[in-house]
Amino acid sequence: MAFFSHPSFDQHEKVLFVNDKESGLKAIIAVHDTTLGPAVGGCRMWPYANEEEALNDVLRLSRGMTYKNALAGLDFGGGKSVIIGDPKHDKSEALFRAFGRAVDALGGRYYSAEDVGINTGDIMMAHQETPYMAGLEGKSGDPSPFTALGTFLGIKAAIKHQRGLDSLEGIRVAVQGLGHVGYYLCEHLHQAGAKLVVCDLNPEQLDRAATQLGAEVVDLDAIYSQDVDVYAPCALGATINDHTLPQLKASIVAGCANNQLAEPRHGQALKERGILYAPDYVINAGGIINVSFERDYDAAASEAKVRKIYDTLLAIFAESDKSGQTTGEVADHMAQAIIEGARK
Ligand code: NAD
């Protein structure tokens with residue numbers, strides 16, 4: 001397996017491979033860049049098909065955190081960790097304590113938190129071994145409502161930029177995934193007068209959305225081809241790919257999922273088709289912004305900072321039109337400029 005020359009390596013400062021024989025922990029901790037402050041990014045537990053997949057995931061997510069934290073105006077660098085295993089069967093206190101010791105060994109260079117497959121209880125177990133954990137019980141709490149608010153404002157910014165509208169009245173949005181973030185997002189959209197088309201694996205969530213929010217329910221694979229204004233990916237990554245792109249009728253892609261583009265070239269393909277893309281790490285920064293207020297928690301200050309996502313996205317859309325770069329490229333350059341400025 002290529003390492004320093006890995007396509008996703010991108011000058012990572014440090015990558016730690018963790019093996020704990022006693023608990024069975026196999027994890028990778030990636031610290032991408034600490035120019036702006038200690039690297040902060042969640043831990044994901046997933047039954048990766050192979051080690052290459054786990055390494056690629058952690059490197060891409062870690063780099064994304066550097067850019068997300070920079071553009072959100074936080075004094076955090078970027079990092080991420082993955083635990084290779086099935087969150088349904090492989091969790092134990094010993095495993096999370098071993099993970100906590102591995103994070104502790106980095107001496108505060110990396111702070112972990114929850115992500116897919118990990119809950120606050122798991123983080124509390126790891127916290128027994130290290131102070132370097134964020135998103136703790138009884139502190140800033142569930143980040144999802146803040147991520148949903150930022151995503152909602154991102155959709156508003158996209159509609160404003162593309163159509164000059166301040167209202168979402170009658171705008172049709174296809175929401176893929178009604179989980180922690182997706183459902184809150186649907187509530188915001190419904191309140192703002194948008195029409196919802198939704199899909200999920202969970203029939204209870206679908207019934208709830210249909211009954212409470214008047215959402216139209218469609219099959220999983222049918223979500224891409226809906227006749228809507230906005231496609232909001234709120235479940236998995238890589239849903240913008242060669243297979244789904246030709247099906248899209250939406251003229252805006254704006255959702256909370258991480259790593260929405262299967263490959264960077266899909267950002268260019270969206271632009272060529274006239275589809276406005278809200279870069280994932282910009283629109284979904286609400287949760288990490290809320291976590292950044294954890295030490296001295298202030299919900300109003302946190303919300304005010306999340307609301308800035310609207311202006312950041314408007315600036316990115318305008319620059320993309322002006323320069324011809326994709327919105328993702330513009331966002332990357334803006335984040336790099338912030339980091340370079342701090343370095344000097
Ligand atoms: P979640 O696990 O609560 O929700 C995901 C939902 O997607 C579930 O309801 C699941 O049933 C559904 N789903 C799974 N596969 C699907 C498919 N093929 N089609 C349709 N639905 C499917 O996760 P979440 O916390 O709501 O996060 C959603 C996404 O947003 C993830 O990509 C996550 O990384 C990202 N994100 C979340 C936060 C946060 O604050 N929770 C912050 C930033 C980014």
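Residues numbered from 1 in each chain as written. Predicted model: local features only at pLDDT ≥ 70, side-chain atom pairs only at ≥ 80, totals over all residues. Heavy atoms only, no water.

1. Focus on the domain arrangement of the protein chain
How big an interface is tends to be stated in terms of accessible area lost as the parts join.
Consideration 1: We note that the domain assignment places domain 1 (14-60 + 78-127) and domain 2 (144-340) within the protein chain.
Consideration 2: For domain 1 and domain 2, the distance between their C-alpha centroids amounts to 26 Å.
Consideration 3: Contacts between domain 1 and domain 2 engage nine residues on the former and eight residues on the latter.
Consideration 4: The junction of domain 1 with domain 2 conceals about 610 Å² of combined surface from both sides, 50% of it contributed by carbon and sulfur atoms.
Consideration 5: It is Leu36, Val40 and Arg60 in domain 1 that bury the most area against domain 2; as a group they hold 57% of the surface buried on that side.
Consideration 6: At the junction of domain 1 with domain 2, the criterion picks out zero salt bridges. (Domains from an automatic or database assignment. Contact = heavy atoms within 4.5 Å. Buried area = accessible area lost by both parts, 1.4 Å probe. Salt bridge = Lys/Arg side-chain N within 4 Å of Asp/Glu carboxyl O.)

2. Points about the sheet that holds strand E9 (residues 216-217)
Consideration 1: Taken together, the six strands give an open sheet; going across it, the order is E9-E8-E7-E10-E11-E12, and neighbouring strands pair in parallel fashion. In this open sheet, the two strands that pair with only one neighbour each are E9 and strand E12 (276-277).
Consideration 2: Sheet analysis places strand E8 (residues 195-199) next to E9, joined by two bridges and oriented parallel. Note on E9: the bridge partner recorded for Val198 is Val217. (Pairing = 2+ DSSP bridges. Helix = DSSP H or I, 4+ residues; strand = E, 2+ residues; numbered from the N terminus.)

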